[in-house]
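Examining the three-dimensional arrangement
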Amino acid sequence: QGTTFVSYGPETNAAIVHPDGKTRDGQLRKGSRLVLKRGTVQLELPSGVLALVEGPATVEGKGRNALRLEHGRAWFQVPNGAEGFTCSTAALEIVDLGTEFGVIAAPGEQEEVHVLKGRVRVHPHGRPGQFRELEAGDALAWSGDDSTFPAGGTGFVTTLPQKFVVFSDDFSDADEAALHGKHPDTGAGPWLVTEGNPLILDEALDSAGSPHKAFAPIDTSRLDEVNNVFLLTIDTGEPDSRAFHSHGWAGVSLFADSEEQIFAGDSFGHGNCWSFDPPGAKDDIIPTNPPLRGKQVVTLRYDFRTGLIEMFQGHDSRGRALATTTIAPGLHFDQVRVGNGEGGDLALRLLRALSLIHI
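What follows is about a negative patch on the surface. A cluster of like negative charges, contributed by D170, D175, E176, D185, D202 and E203, occupies part of the molecular surface. Within the element layout of this structure, E203 appears in the loop between β17 (199–200) and β18 (205–206). Among the residues examined, E203 registers a relative accessible area of 45% and is labelled partly exposed.

Written as structure tokens, this is what we have:
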């Protein structure tokens, strides 16, 4: 039946489960299931069909020219000679007639087919006579036994993404250098200190001893429905003569239109534990589970499409999320703030923001 080869994009968490129990990383065969928790994978079928799948998603191999998309979002490009490629979902059978198309599969919810080029034939499972043929520009939304033709197109990922750094500062400046007016290593403009006088000490931004607040501009204008992943990594050290996260609040915030949308750090009063404080959401303060305390490296992941924000331990978002909440989708963050209140000290060794861009 041939082998479907799997390539993984950055920040991807995926596993392939084979019916024989063997491990063939990067290969999908008939009966194998690809479980994609987050990120993007590229599939190259034996027939030459190319697919890009966005997580969360589950895909099952069905042979040399067929796949089952149990749930998730996928784009397919079918070359000459591979006509007849079939993508099945929980409700639909989608047969290519020489085309490029996208599918959104959500069992028990509305499923969608969007034709970008060529034609496809769509019918509910077990009812091949009840088919619709869709041409370029057409879209079909199916829910239960009802179908509609939604207006407008939906963007689909057509390449694996690349990391694009929009902000970075490792604070590797001379000791006792002032933060105010300092330009980050990568960024749209200098730091603006609005409270206190934070200094660079031992290659870290150190706020020990008094409250501080400082802002820097950040450009996230490239975030959209396709380029929808934004990441912020916070690497902390030990403040001078104090333990990180003592009795007050300390951490990093993201602002959109000058309004704070998400705070990450010690939110004060939650056991000196790393947490979210989402003033732009309905949730209360959300501590990490298991608790993270003191000197840490954490990464925040924001989904522009859904508003989902997650916190991970480490320099990437491939592991298990330790805290999760939802804020408004579609935000373009314009500022990042570092700050602390009385008694809440902070030493920041690295602050880096990037987007995953599909070129």
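Following the structure, the description resumes.
Before going further, it helps to spend a moment on the sheet that holds strand β22 (residues 259–266). With antiparallel pairing, the 7 strands of this open sheet are ordered in space as β16-β19-β28-β21-β22-β23-β24. Sheet topology places β16 (192–195) and β24 (286–287) at the edges, where each strand pairs with a single neighbour. Two strands pair when backbone bridges link them, and β16 and strand β19 (residues 212–217) are joined in this way by 3 bridges, in the antiparallel orientation. Within β19, the residue paired with V193 across the bridge is A214.

As a further point, take the pattern of salt bridges. On inspection of all chains with the given rule, the structure shows 14 salt bridges. Here E60 and K62 are joined by a salt bridge, their closest N and O atoms 3.9 Å apart. Assessed through its relative accessible area of 17%, E60 is described here as buried. As a salt-bridge pair, E133 and R121 come within 2.7 Å of each other at their nearest N and O atoms. One end of the pair, E133, is in strand β11 (residues 132–135); the other, R121, is in strand β10 (residues 111–124), with 12 residues separating them in the sequence. Looking at E133, the relative accessible area reads 36%, which means it is partly exposed. For R121, a relative accessible area of 32% puts it in the partly exposed group. Each of E54, R73, E225 and R305 takes part in salt bridges that share partners, so that together they form one network.

With that settled, consider unusual backbone geometry. The omega torsion across G55 and P56 is 5°, close enough to zero to call that bond cis. You can see P56 is positioned in strand β6 (residues 50–61). Here the amide bond leading from N289 into P290 is cis, since omega sits at 5°, within 30 degrees of zero. As for its position among the elements, P290 is in the loop between β24 and β25 (297–303). In this structure, E11 takes a positive phi of about 60° despite not being glycine. Note that E11 resides in the loop between β1 (4–8) and β2 (13–17). With relative accessibility at 4%, the residue E11 sits in the buried group. Phi is positive for D202, which is not a glycine, with a value near 55°. One can find D202 in the loop between β17 and β18. Under the relative-accessibility criterion, D202 is labelled exposed at 56%.

With 42 residues, the main nonpolar core has F230 and L351 as its most contacted residues. At 4 residues, strand β21 (residues 250–256) tops the list of elements feeding residues into this core. For F230, the residues in contact, after removing those within four places along its chain, are V166, I218, T220, L223, L254, L300, R301, Y302, F333, A353, L354 and S355. Counting residues in each nonpolar core, the second largest holds 33 residues, with V59, F76, F101 and V120 among its members.

Looking now at the packing of aromatic side chains. This model, assessed by the stated rule, comprises 9 aromatic pairs. Measuring from ring centre to ring centre gives 5.0 Å for Y302 and F333, while their planes differ by 65°; the resulting arrangement is edge-to-face. Of this pair, Y302 sits in strand β25 while F333 sits in the loop between β27 (323–326) and β28 (335–340), and the two are 31 residues apart along the sequence. Of the two residues, Y302 and F333, neither departs from the other in class, the shared state being buried. Grouped by ring-pair contacts, the aromatic residues F76, F85 and F101 constitute a single cluster.

Across the 8 residues of strand β20 (residues 229–236), 8 count as buried, placing the element largely inside the fold. Because side chains alternate across β20, one face comprises the buried residues V229, L231, T233 and D235, and the other comprises F230, L232, I234 and T236, equally buried. Here 8 bridges tie β20 to strand β29 (residues 347–357), and the two strands are oriented antiparallel to one another. Note on β29: the bridge partner recorded for T236 is L348. The pairing of β20 with β25 spans 7 bridges and is antiparallel. Looking across to β25, one finds that D235 is bridged to V297.

Looking now at the pairing of strand β5 (residues 40–44). Taken across its 5 residues, β5 has 4 buried, putting it largely inside the fold. Inspection of the sheet shows β1 paired to β5 by 4 bridges, in the antiparallel sense. The residue bridging S7 from the neighbouring strand is Q42, located in β5. Both β5 and β6 contribute to a ladder of 5 bridges, which runs antiparallel. In the strand pairing of β6, T40 is matched with E54. Connecting the antiparallel pair β5 and β6 is a turn made up of 5 residues, with G48 showing a positive phi of about 100°.

Rules used throughout
Residues numbered from 1 in each chain as written. Predicted model: local features only at pLDDT ≥ 70, side-chain atom pairs only at ≥ 80, totals over all residues. Heavy atoms only, no water. Patch = residues over 30% accessible without salt bridge, like charges linked within 9 Å, V, L, I, M, F, W, Y side chains within 5 Å. Areas by Shrake-Rupley, 256 points an atom, 1.4 Å probe, with all protein chains shown as cover. Salt bridge = Lys/Arg side-chain N within 4 Å of Asp/Glu carboxyl O. Lys, Arg positive; Asp, Glu negative; His and termini not counted. Charge placed at Lys NZ, Arg CZ, Asp CG, Glu CD. Helix = DSSP H or I, 4+ residues; strand = E, 2+ residues; numbered from the N terminus. Buried < 20%, exposed > 50% of the residue type's maximum accessible area, 1.4 Å probe, protein only. Pairing = 2+ DSSP bridges. Core = buried A, V, L, I, M, F, W, Y, C linked by side-chain atoms within 4.5 Å. Contact = heavy atoms within 4.5 Å. Phe/Tyr/Trp six-rings, centres within 6.5 Å; stacked < 30°, edge-to-face > 60°.

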